Amino acid sequence: MTVLNYNCHERTKDPSMPAMSKYEPVIGFEVHVELCTATKIFCSCPTTFGSPPNTQVCPVCLGMPGVLPVLNRRAVEFALRTAMALNCNIPERCNFDRKNYYYPDLPKNYQISQNYACIGTGGWLDIETPAGTKRVRMNNVHLEEDAGKLIHPEDPGADYSLVDLNRAGTPLIEIVSEPDMSSAEDALAYMNTLKNLLEYLEVSDCKMQEGRLRFELNISVREAGTERLGTKVEVKNLNSMKTVLKCIEHETWRQTRLLEEGGRVMQETRLWDEAAGATRAMRSKEVANDYRYFPDPDLVEIHVTPEWRDAVRAHLPELQEAKRRRFIEEYGLPEYDARILTNSKPVASYYEAAVAAHPNPKALSNWMMTEVLRELNAREVEPADFALKPAGLAAIVRMIDEGRISGKIAKDVFAKAVESGRDPAEIVQAEGLVQVTDAGEVEKWVDEAIAENPDMVEKIRAGNTKTVQALVGQVMKKSRGKANPKIVNELIAAKLC
Amino acid sequence: MGQISEDQVRHVALLSRLELTEDDVRHFAHDLSSILGYVAKLDELDTSQIPPTSHSLRLENAFRDDEVGASLTNEQALANAPESEDGLFKVPPVIQDGGGA
Ligand SMILES: [Zn+2]
């Protein structure tokens, strides 16, 4: 769960940057989402990430002559779910088209996609921006197959490329928005909201570092306050949200400068060059954009009957709003807690797993909102990859609830567990951190503290109740945090008050 | 109807990665034009009352379940490859411009 904070004014120090430009960007997205089906879209090869190259391939996804694709029903249902959640129209009939182009990662020399009749058309997604709620309209949601992966040899002089086709045929949905965003903040809100929705829909694990979720941008600039769209540029090769934001800033600057110098923006596809921190024109222009789409004769029509559509809708996973309400009702959480915990599906799932292991929802919520979220953000890790598992967090809270450890020791145990991945109960055991509740043992520390702090004792006897806490602190220090504070308080009260 | 110019032939040849001689270009412009002319006979039919279709088969919703089946081994997958390296297909160098997917 990586939440990016973005300061759009950070780079205005650049002297070549026009001061408070009268131009604003106009931004739309094409988002590719790899679906988390077990198998590919048109064959039964698995979609596992990171397997040895060319071991998840068969005659169909290798594009051998004479093979026939057969459509994965679940891929269609995932696309339907997504289209419904984005408020699209779902036409009753759609089909697949061939998009023809030559590239070595595409063994058939065409990609099976949807061009003339998509699974969803129109629709919208509401995003929360610093300027309030904004509605981003959708153009369409369509289903297609992913290409393979090209690998360029490390030797810069190598005169060949290498191809791994494990990914070829992985089901993809492409979500195409209208150009309804006008700042990096809008774009960030859109990306986060969409990723969150896809996670809630359980159609993709959205791991950007594995290419499961990929953003492509189209961007133009226009004078702020005007309606007419400028010439747009498409940008590819954006592999993180941070990169998208850098790219928006760069393209806005580049296009603004072109226009202010009396030039024109070319309609083209550009590539983000991470090393240069800039976009550059693609070189293979001569064959671009002549895809000669035509209906794929190997695949029959998809008929989304009203019954099927209703069944998919009825089985949509619990979405954010419903989960938030349930957290309030079922766990008795305050609205504030429920909102924070459901802001991200993986965080909500982590929390629910912890509550299942130790049913103290409010205490666990407090730990989530402070310690766990802080560590996830600082370490930029997903809850699933967090060293402390939900059962471990539950164990910490259980040990507090059972009086085995103090709240202060618990924080130390948490820090150690997060750092090392060790089991919290084992840390407490191995390092002798179990709270001492034996009154006789605690009394020894209390007596020592009283003997060593006559001035505090004086004040307490004079009725200064605040000093009691200071003396408790002295006892806790002596016990290295292990004395049960309740017993310490009782003993001090009995002896001095 | 159906006149294919020599420029159109050159364009389609480029898209198809075919190398044609000027002789070929002239021949194909002629042949493709006559093929289109022949097929254009279909335009004489009145299809205004027939819904568009992408298929001759009256089939719909041919699906499979999302269950993993057998894949090829790496050796089988590469058996027809002219060249390979480390389990990968080896192809002429590609500039890093990304595909279309
Ligand atoms: Zn396959």
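Computed from a predicted model, the values in this text were never measured in an experiment. (Residues numbered from 1 in each chain as written. Chains lettered and ligands numbered in written order. Predicted model: local features only at pLDDT ≥ 70, side-chain atom pairs only at ≥ 80, totals over all residues.)

1. Description of the overall build of chain A
Alright, step 1. Looking only at helices and strands, chain A features 15 helices and 17 strands.
Alright, step 2. Taken over C-alpha atoms, the radius of gyration comes to 29 Å for chain A, far larger than the 23 Å a tight globule of 497 residues would show.
Alright, step 3. By its C-alpha atoms, chain A is 90 × 55 × 55 Å across when sized along the principal axes.
Alright, step 4. Counting all 497 residues of chain A, 41% fall into the buried class.
Alright, step 5. A fraction of 69% describes how many contacts in chain A between residues 6 or more apart in sequence connect residues 24 or more apart. (Helix = DSSP H or I, 4+ residues; strand = E, 2+ residues; numbered from the N terminus. Rg over C-alpha atoms; globule rule 2.2 N^0.38 Å. Buried ≥ 20, exposed ≤ 12 C-beta atoms within 10 Å, placed from the backbone. Contact = placed C-beta atoms within 7 Å.)

2. What about the nonpolar core?
All names here are of chain A.
Alright, step 1. Ranked by internal contacts, the top residues of the largest apolar core, which has 77 residues, are Ala-79, Val-141, Ala-187 and Val-244.
Alright, step 2. Residues in contact with Val-141, not counting those within four places in the same chain, are Ala-79, Thr-82, Ala-83, Leu-86, Cys-88, Cys-118, Ile-119, Gly-120, Ile-173 and Ile-175.
Alright, step 3. Ranked by size, the runner-up nonpolar core spans 34 residues in total, among them Ile-340, Val-347, Ala-395 and Ile-427. (Core = buried A, V, L, I, M, F, W, Y, C linked by C-beta atoms within 7 Å.)

3. Things to note about the pairing of strand S4 (residues 97-100) of chain A
All names here are of chain A.
Alright, step 1. With four bridges connecting them, S4 and strand S5 (residues 110-113) associate as antiparallel partners. Looking at the pairing, Asp-97 lines up with Ser-113 of S5.
Alright, step 2. Where S4 and strand S16 (residues 294-295) come together, two bridges link them in antiparallel fashion. Looking at the pairing, Asp-97 lines up with Pro-295 of S16. (Pairing = 2+ DSSP bridges.)

4. Points about the interface of chain A and chain B
Alright, step 1. Facing 53 residues of chain A, the contacting portion of chain B comprises 38 residues.
Alright, step 2. Listing elements by their share of the side of chain A that touches chain B, those giving two or more residues are strand S2 (71-72), helix H1 (73-85), strand S9 (149-151), strand S10 (161-164), strand S13 (233-238) and strand S17 (302-303) of chain A.
Alright, step 3. Sorting elements by how many residues they give to the side of chain A that touches chain B places S10 of chain A first, with four residues.
Alright, step 4. The residue makeup of the side of chain A that touches chain B, split by class, is 28 nonpolar, 14 polar and 11 charged. (Nonpolar A, V, L, I, M, F, W, Y, C, P; charged D, E, K, R; others polar.)

5. Here's the deal with the sheet that holds S5 of chain A
Alright, step 1. With respect to topology, three strands assemble into an open sheet ordered S5-S4-S16 (chain A), the strand pairing being antiparallel. Only two strands of the sheet have a single partner each, and these edge strands are S5 and S16 of chain A.

6. Topic: the environment of Glu-174 of chain A
Residue and element names in this part refer to chain A.
Alright, step 1. By the element assignment, Glu-174 lies in strand S11 (residues 171-177).
Alright, step 2. Distance from Glu-174 to Leu-213, taken between C-alpha atoms, is 10.0 Å for residues 39 residues apart in sequence.
Alright, step 3. With sequence-adjacent residues up to four places away left out, Glu-174 is seen in contact with Glu-30, Val-31, His-32, His-142 and Glu-144.

7. Regarding the sheet that holds strand S3 (residues 88-91) of chain B
The strands that make up a sheet pair up through hydrogen bonds in the backbone, lying either parallel or antiparallel.
Alright, step 1. Reading across the sheet, the four strands line up as S9(A)-S10(A)-S3(B)-S2(B) and stay open at both edges, with antiparallel pairing between neighbours. Every interior strand has two partners, whereas the edge strands, S9 of chain A together with strand S2 (84-85) of chain B, have only one.

8. A word on H1 of chain A
Since the α-helix advances by 3.6 residues per turn, residues separated by three or four positions end up pointing in the same direction.
Residue and element names in this part refer to chain A.
Alright, step 1. Taking 1.5 Å of rise per residue, the 13 residues of H1 would be expected to cover 18 Å, and the 19 Å separating its terminal C-alpha atoms lies within 8% of that figure.
Alright, step 2. Of all the 13 residues making up H1, 11 are buried; the element is thus mostly covered by neighbouring parts of the structure.
Alright, step 3. All buried positions along H1 are accounted for by Arg-74, Ala-75, Val-76, Glu-77, Phe-78, Ala-79, Leu-80, Arg-81, Thr-82, Ala-83 and Ala-85.
Alright, step 4. Where H1 ends, the next residue or the one after it, Asn-87, has phi of about 60°, a positive value. (Expected span 1.5 Å × (residues − 1).)

9. What about helix H8 (residues 361-379) of chain A?
All names here are of chain A.
Alright, step 1. Met-368 marks the point of greatest bend in H8, at about 40°.
Alright, step 2. Those residues of H8 that sit buried are Leu-364, Ser-365, Trp-367, Met-368, Val-372 and Leu-376.
Alright, step 3. Residues of H8 that are buried make contact with helix H6 (335-342), helix H7 (345-357) and helix H9 (390-401). (Bend = angle between axes of the 7 residues up to and from the residue.)

10. Some details on the confidence of the model for chain B
Residue and element names in this part refer to chain B.
Alright, step 1. When pLDDT is averaged across chain B, the result is 89; 91% of the residues are at 70 or more.
Alright, step 2. Mean pLDDT across the secondary structure elements of chain B bottoms out at helix H1 (residues 6-15), with 92, and peaks at strand S1 (residues 63-64), with 98.
Alright, step 3. Both scores are available for the predicted complex, with the pTM at 0.83 and the ipTM at 0.88. (pLDDT = per-residue confidence, 0-100.)

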